[in-house]
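Residues per chain are reported as follows:
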Amino acid sequence: MNSASGFPSTTFADVLEGNAAYAADFPGTGLSGRARKGLALVTCMDSRIEPLQLLGMDQGDVKILRNAGARVTDDVLRTLVLATYQLDENRILEMPHTHCKMASATEDEIHRQILDENGVDTYSVEFRTVSDQEEALAYDVRRIRSYPLLPRDLVVAGAVYDVHTGRLSPRDY
Ligand SMILES: [Zn+2]
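Here is what the cut-offs are and how they apply
- Along each chain, numbering runs from 1 in the same order as the chain's sequence is written.
- With pLDDT at 70 or above as the cut-off, local features in this predicted model cover only qualifying residues; side-chain atom pairs require 80 or more to be listed or tallied, and sums for whole chains, interfaces and linings still use all residues.
- Think of the side-chain values as coming from all heavy atoms in the structure, minus any hydrogens and water.
- A helix here means a DSSP run of H or I that spans at least four residues, while a strand means a run of E at least two residues long, and both kinds are numbered starting from the N terminus.
- Exposure classes here rest on a 1.4 Å probe applied to the protein chains alone. A residue is buried below 20% of its type maximum, exposed above 50%, and partly exposed in between.
- Contacts are residue-level and defined by heavy atoms, with any inter-residue pair within 4.5 Å sufficient.
- Each accessible area is a Shrake-Rupley estimate made with a 1.4 Å probe; only the visible protein chains count as cover when residues are assessed.
- Note on charges: Lys and Arg go in the positive column, Asp and Glu in the negative column, and His and the chain ends are not counted at all.
- Every charge is mapped to an atom, namely NZ of Lys, CZ of Arg, CG of Asp or CD of Glu.
- Expected helix span is given by 1.5 Å per residue-to-residue step, counting one fewer step than there are residues.
- When DSSP locates at least two bridges between a pair of strands, those strands are taken to pair.

A. Structural view of the overall build of the protein. Helix and strand counts for the protein come out as five helices and five strands. When the helices and strands of the protein are read in sequence order from the N terminus, they spell out α-β-α-β-α-β-α-α-β-β. Taken over the C-alpha atoms alone, the protein extends approximately 50 × 50 × 35 Å along its principal axes. Within the protein, the fraction of its 173 residues that count as buried is 33%. A separation of at least 24 residues holds for 65% of the contacts in the protein among residues at least 6 apart in sequence. Carbon and sulfur atoms make up 52% of the accessible area of the protein, which amounts to about 11000 Å² in all. Positive and negative side-chain charges of the protein, numbering 18 and 26 respectively, have mean locations separated by a distance of 7 Å.

This is the structure:
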């Protein structure tokens, strides 16, 4: 493990260059930090997902929460409580996607794979893999709806994003 202190500029050279170019032309956004469309999106960290583009939204429109598998964790619920009461979110879309690694391997398979390839025993972590994506989506939508600290009039919906077609398929949960 690299424990050297100081910012690793060589490793992050592209990041810093990219930001320098961005900041050079930065016009300022005039945005407040509240999502204009009142929408919070819970989705996966998969790099094939471009949340704003696929929803036809712009910067400043949506709060985006991402993790492996788009699962509703305690931290997602914590963030949604803040987003609803303090940042005016009034609707939540729970959006897993097709061909998700979290839905194509078991908890045990991923632990074993990491152990075999990296020599690290990760069994103390729960990855929250999904054996049935529909069932997990229904469960996660219900989990948000039933969370007692969230507003009663919050609208919660589920939809699956297809990474091959770009299409979003709403579900009737
Ligand atoms: Zn995924």
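Back to the text.
B. Examining helix α4 (residues 107-118) more closely. Spanning 12 residues, α4 covers 16 Å between terminal C-alpha atoms, matching the ideal 16 Å at 1.5 Å per step. Phi turns positive, to about 70 degrees, at Gly-119, one or two residues after α4.

C. Region of interest: the pairing of strand β3 (residues 91-95). The buried fraction of β3 is high, at four of five residues. When strand β1 (residues 39-44) meets β3, the two strands line up parallel, connected through five bridges. In the strand pairing of β3, Thr-43 is matched with Met-95.

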